[in-house]
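Overview (structure and organization)
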Amino acid sequence: MVGYGPAAHRLVEALLERGFDGAITVIGEEPRPAYDRVALTSYLSGVAAEELSYPVPPGVVTRLNSRVTGIDRRARLVAVEGGEPEPYDVLVLATGSRPFVPPVPGAEHAHVYRTIGDLDAIRLAAKEATDGVVVGGGLLGLEAADALRGLGLRTHIVEMSPWLMPRQVDEGGGAVLKAHIEALGLSVHTGSGVQEVVTGHDGRVAGLRTPAGTLIEAQVVVFSAGIRPRDELARESGLALGERGGVVVDSAMRTSDPHVYAIGECAVRDGMVYGLVGPCFTMAEVAADRITGGGATFDGADLSTRLKLLGVEVAQFGAMEGALDVTYMDPVAGVYKKLFISDDAGTLLGGICVGDASPYGTLRPYVGKPLPAPPADLLFTGGGAQLDLPDDAQVCSCNNVSAGVVRSAITGQGCADVAGLKACTRAGTTCGSCVPMLRQLLEKAGVETGKGLCEHFEHSRAELFDIVRVRGIGTFSQLIAEHGQGRGCDVCKPAVASILASLHHGHVLEGENAALQDTNDHFLANIQKNGTYSVVPRIPGGEITPDKLIVIGEVARDFGLYTKITGGQRIDLFGARVDQLPQIWRRLVDAGFESGHAYGKALRTVKSCVGSTWCRYGVQDSVGLAIALELRYRGLRSPHKLKSAVSGCARECAEARSKDFGVIATEQGWNLYVGGNGGFKPRHADLFAADLTTEELVRTIDRFLMFYIRTADRLQRTSAWLESLDGGLGYLRSVIVDDALGICADLDAHMERHVAAYADEWRATLEDPDKLSRFVSFVNAPGVPDPSIVFETERDQIKPVVMS
Amino acid sequence: MTWVNVCGYATLLPERGVCALVDGEQVALFRTHDGVVHALGNRDPFSGAYVLSRGIVGTRKGEPTVASPLHKQVFSLVTGHCLDEPSVAVPVYRTRVDGGTVSVSVSV
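From a predicted model like this one, the values you see are computed outputs, not experimental measurements. (Residues numbered from 1 in each chain as written. Chains lettered and ligands numbered in written order. Predicted model: local features only at pLDDT ≥ 70, side-chain atom pairs only at ≥ 80, totals over all residues.)

1. Side note on the overall build of chain A
A tally of helices and strands in chain A yields 25 helices and 38 strands. Residues counted as buried form 46% of the 804 residues belonging to chain A. At a minimum sequence separation of 6, the contacts of chain A that also span at least 24 residues come to 60%. (Helix = DSSP H or I, 4+ residues; strand = E, 2+ residues; numbered from the N terminus. Buried ≥ 20, exposed ≤ 12 C-beta atoms within 10 Å, placed from the backbone. Contact = placed C-beta atoms within 7 Å.)

What follows is the structure, encoded as structure tokens:
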């Protein structure tokens, strides 16, 4: 693959998903793997390049900082500047585009806005500037203008057309858009252009002269006026090009050489170059399908867009003209909405929205279909949730997912929330504008209703937490009687159980609480596919004595359990029947072990590297800190499981940045990272505070955890919670460092209560005959083991056999 | 119809299941909040594991239910039908409470 942008990344993913088993090499000229260009502007507001980058899938070879200089199609080799040539069976050109720079005097002094490198250059130039001007009032131009404004420059926008965003909105919409942007303090020059980039006597940029002769003073000039396909490799190697450039492809994304494909912004199909991410992803999927022997085709794409630029929502879908149109305009609120319909007023042809894009989500799928309601209703309300989308209506245009596919994911594959649908169908994973529609489809299917936990509570978890805390509610029965309906379910009961445990610190099997617990918490062990359980004793920080290791070995041997080392530096013992659990705990507890809470939505493990005690690179005692943290937070019930790690130096052997809270030692103290995750959607934790003393570190983690426990949704890991916080990391700092809400003393006291009240759940159960009496396979035959549990042997250990 | 005594009514805690072995059949017994005792086959038809007695008891639109502890499919305690996939059902057994003793009949 030549070129490593989002389309190339998508192609690699799509190939691997389809089981492609050949070697994949991606050659890119930038110094980093593909990154999310749609979110590029966030880089200037502090998001790290690594966070924008897509992870390189395992097994894929990347050659970064590498420029391809030629293609030998006969020998099937690409020449790489300063490196070995790369052979291929199939070559994919994904070279993207370059910003169009008009050939005017001084153009060489202007910036462009496409890569992270471009943004670094703009940021540097902005340091000594007061004014900036962007040439181009389209989508990319406004994006660049937003970036200049964010860098603190007085910003001008110069656009040749009579109004802004001429490809997305008409004149009326353009006027409303202009008013919005001018209200933010930007200067808009429409119907203008660029005559030259003016430099002063010192050779520095002094401004931009328009064709009318006006000088707009500025020290930073950015050209963002369209793109041109990067087709030079194709041109030199004799592949067919479009009239205005671009590599010509057929509906299979093949170029004029059947061994060479082209996708993304460098490709031209039926005379069109596509500069939006959605069509480029579709091209990648089609090419992947063809390369792996499929028959997919690309026959053009929907160019609908919905975006928020400079705080203004703009959307366009379907056609931009029609026999009839209906317009709603509110110049005071700055809202402009227009629908185009067929001459019989029966079919929706397209629409334009400025200032309020809500009709986009509901109406785009109806393009080319009968109007679902009178046009005026649609313009005022956006149609609302009452519309029933036809199955063939496209819900996600970025990933080409129809309503029918979403519906079958809900009913057939059991997707119960937006996250599940994203995983299953990819809908909503790119620009996210269809997420409200996904939520609607879930609601229609009776799966998800608003923010309420389930049919029994209209409150979110965070609201229920506050209700229980403020009203001092002690039981589920009281809570549901006073604030809910029915008798609960497998969704709300464990969530309320967790809230009660977080607030009241009692044993999870005490009284009525026992009936709320999921089976894992109910039996203080992890259920496995055949109905047996696994047992994980706590091994704080992963440090264990030989004697204790021997005890675990003896217990596993005596009860015939399967043993496996976990990812959290612990040992998992599998295959225990419920009636064996207390006997196993007795042996472990007598040897000084306690529950590891592997079964709970609670702190699991604090992993560590060996640290400065042994390691020649270590700068702090990571094991000692990991043990202290694990003992402090053990048993803490939370909205979801909590994982942590401590690394003794910047080499990060404990993988702390993949954890909910991770600590990395520095020469001066500890760096704290929060919101990391492995799992389905890996996320590197964000640096929250640097060079903390141990005391500062512990206090910060205390508050982080307690604030998370109070405000997160059910089953929302810290990574998703952090992303859902309005104001993100900055807001979190203001709450738990600067005490903006005045709750820090309360959070601290809450954690102190937790630490003081901690007791081992296994030991407490062993000491309580009432709780112990539940640990039988059969209530009427307590000594009889469950005959349905059968094992066979594999690699000298047991393996479950489930009778079908 | 043969009734088999399985346990005292007080052994059944509200909204917590137990399993009984009755004529070789595994029977999941549940006492709902209103005091009624329900009995279903203990085998979860989706996984093949004998675990339904360990599910969370609750209601769906007023109907008493239990959710499989493995993959959370919800079954009606009254009809045995899976409310998430109506073509799947588990056996429902008769129960009675007499003099503080719960008995079950697995004969049809």
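2. Observations concerning the overall build of chain B
Scanning chain B from N- to C-terminus turns up 0 helices and 9 strands. Ordered by position in the sequence, the α and β elements of chain B form the string β-β-β-β-β-β-β-β-β. A total of 108 residues make up chain B; the buried ones form 48% of that total. If you take every contact in chain B between residues at least 6 apart in sequence, the share linking residues at least 24 apart comes to 42%.

3. Topic: helix H20 (residues 694–711) of chain A
If you check H20(A), its first and last C-alpha atoms are 26 Å apart, about what 18 residues at 1.5 Å a residue would give, namely 26 Å. Of the positions making up H20(A), those classed as buried are Leu697(A), Thr700(A), Ile701(A), Asp702(A), Arg703(A), Phe704(A), Leu705(A), Met706(A), Phe707(A), Tyr708(A), Ile709(A) and Arg710(A). (Expected span 1.5 Å × (residues − 1).)

4. Here we look at the interface of chain B and chain A
The interface is formed by 30 residues belonging to chain B together with 27 residues belonging to chain A. At the level of elements, strand S1 (4–8), strand S2 (17–22) and strand S5 (56–60) of chain B are the ones that each hand at least two residues to the side of chain B that touches chain A. Of the residues belonging to the side of chain B that touches chain A, the class tally is 16 nonpolar, 8 polar and 6 charged. (Nonpolar A, V, L, I, M, F, W, Y, C, P; charged D, E, K, R; others polar.)

5. Points about the pairing of strand S6 (residues 63–67) of chain B
All names here are of chain B. In terms of burial, S6 is largely enclosed, as 4 of its 5 residues are buried. Relative to S6, S5 is paired through 5 bridges, and the arrangement is antiparallel. Paired with Ile56 across the bridge in S6 is Ala67. Here S5 folds back onto S6, and the loop between the two strands holds 2 residues, one of which, Lys61, carries a positive phi near 45°. Inspection of the sheet shows S6 paired to strand S7 (residues 74–76) by 3 bridges, in the antiparallel sense. (Pairing = 2+ DSSP bridges.)

6. Quick word on the sheet that holds strand S12 (residues 196–199) of chain A
Residue and element names in this part refer to chain A. Spatial ordering of the open sheet is given by S12-S13-S14, a layout of 3 strands whose pairing is antiparallel. For this open sheet the edge positions go to S12 and strand S14 (215–217), each flanked by a neighbour on one side alone. On average, each strand axis in the sheet is tilted by 35° relative to the strand beside it, whichever way the strands run. Both S12 and strand S13 (residues 205–209) contribute to a ladder of 4 bridges, which runs antiparallel. (Axes fitted to C-alpha atoms, helices over the stretch in contact; angles between N-to-C directions.)

7. Details of the environment of Ala689(A)
Residues and elements named next belong to chain A. Relative to the elements of secondary structure, Ala689 occurs in strand S36 (residues 686–692). Distance from Ala689 to Arg733, taken between C-alpha atoms, is 8.9 Å for residues 44 residues apart in sequence. Those residues in contact with Ala689 that lie beyond four places of it in its chain are Leu672 and Thr700.

8. Structural notes on the packing of helix H1 (residues 6–17) of chain A against helix H7 (residues 277–291) of chain A
Residue and element names in this part refer to chain A. Two elements in contact, H1 and H7, have axes separated by 8 Å at closest approach and are oriented at 35°. Handedness of the H1/H7 crossing: right-handed. Between H1 and H7, the contacting residues are Pro6, Ala7, Arg10, Leu11, Ala14 and Leu15 on the first element and Val277, Cys280, Phe281, Met283, Ala284, Glu285, Ala287, Ala288 and Ile291 on the second. (Left-handed = near helix turned anticlockwise from the far one by under 90°.)

9. Here's the deal with the environment of Gly193(A)
Residue and element names in this part refer to chain A. You can see Gly193 is positioned in the loop between strand S11 (187–189) and S12. Residues Gly193 and Thr210, spaced 17 residues apart in sequence, show a C-alpha to C-alpha distance of 5.4 Å. Apart from the residues within four sequence positions on either side, Gly193 is in contact with Val158, Met160, Thr210 and Pro211.

10. Some thoughts on the confidence of the model for chain A
With 98% of its residues at a pLDDT of 70 or more, chain A shows a mean pLDDT of 90. Per-residue pLDDT, averaged within each element of chain A, yields its smallest value for helix H9 (residues 375–381) of chain A (73) and its largest for strand S31 (residues 571–576) of chain A (98). (pLDDT = per-residue confidence, 0-100.)

11. What to know about helix H13 (residues 461–471) of chain A
Residues and elements named next belong to chain A. Among the residues making up H13, those that are buried are Arg461, Leu464, Phe465 and Val468. The arc that holds every buried residue of H13, seen down its axis, measures 105°, which confines them to one face. Residues of H13 that are exposed and point more than 90 degrees away from the buried face comprise Val470 and Arg471. One or two positions beyond H13, positive phi appears at Gly472, with a value near 65°. (Arc of directions from axis to C-beta.)

12. As for the sheet that holds strand S32 (residues 603–608) of chain A
Residue and element names in this part refer to chain A. Pairing within the open sheet is mixed, and its 5 strands lie in the order S32-S33-S34-S35-S36. Where the open sheet ends on each side, the last strands, each with one partner, are S32 and S36. Strand-to-strand twist across the sheet, computed as the mean angle between neighbouring axes with direction ignored, equals 15°. Along the sheet, helix H19 (residues 622–633) makes contact with S32, strand S33 (642–647) and strand S34 (661–665), crossing S32 at roughly 175°.

13. A short note on the pairing of strand S25 (residues 348–354) of chain A
Residues and elements named next belong to chain A. Judged by how many residues are buried, S25 sits mostly within the fold: 7 of 7 residues are covered. In this sheet, S25 lies alongside strand S22 (residues 312–318) in antiparallel orientation, the contact comprising 5 bridges. Residue pairing across strands places Gly318 opposite Gly350, the latter belonging to S25. Pairing of strand S24 (residues 335–341) with S25 involves 6 bridges; the strand directions are antiparallel. Residue pairing across strands places Phe340 opposite Gly350, the latter belonging to S25.

14. Here's the deal with the environment of Val90(B)
Residue and element names in this part refer to chain B. Position of Val90 among the secondary structure elements: in the loop between S7 and strand S8 (92–98). Considered as a pair, Val90 and Phe75 are 15 residues apart in the sequence and their alpha carbons are 8.1 Å apart. Look past the residues within four positions of Val90 in its chain and what remains in contact with it is Leu40, Gly41, Arg43, Pro45, Leu52, Phe75 and Gly80.

15. Here we look at the nonpolar core
Within the largest apolar cluster, 82 residues are counted, with the highest numbers of intra-cluster contacts made by Val496(A), Leu581(A), Ala20(B), Val27(B) and Leu29(B). It is helix H15 (residues 492–504) of chain A that provides the largest number of residues to this core, a total of 8 residues. Lining this core are residues from two domains, each supplying at least three of them: domain 4 (461–517) and domain 5 (518–600 + 776–804) of chain A. With near-sequence residues (within four places) excluded, Leu581(A) lies in contact with Phe523(A), Ala525(A), Tyr533(A), Val535(A), Ala576(A) and Phe775(A). Val247(A), Phe281(A), Ala403(A) and Leu441(A) belong to the second-largest nonpolar core, a separate cluster that totals 64 residues. (Core = buried A, V, L, I, M, F, W, Y, C linked by C-beta atoms within 7 Å. Domains from an automatic or database assignment.)

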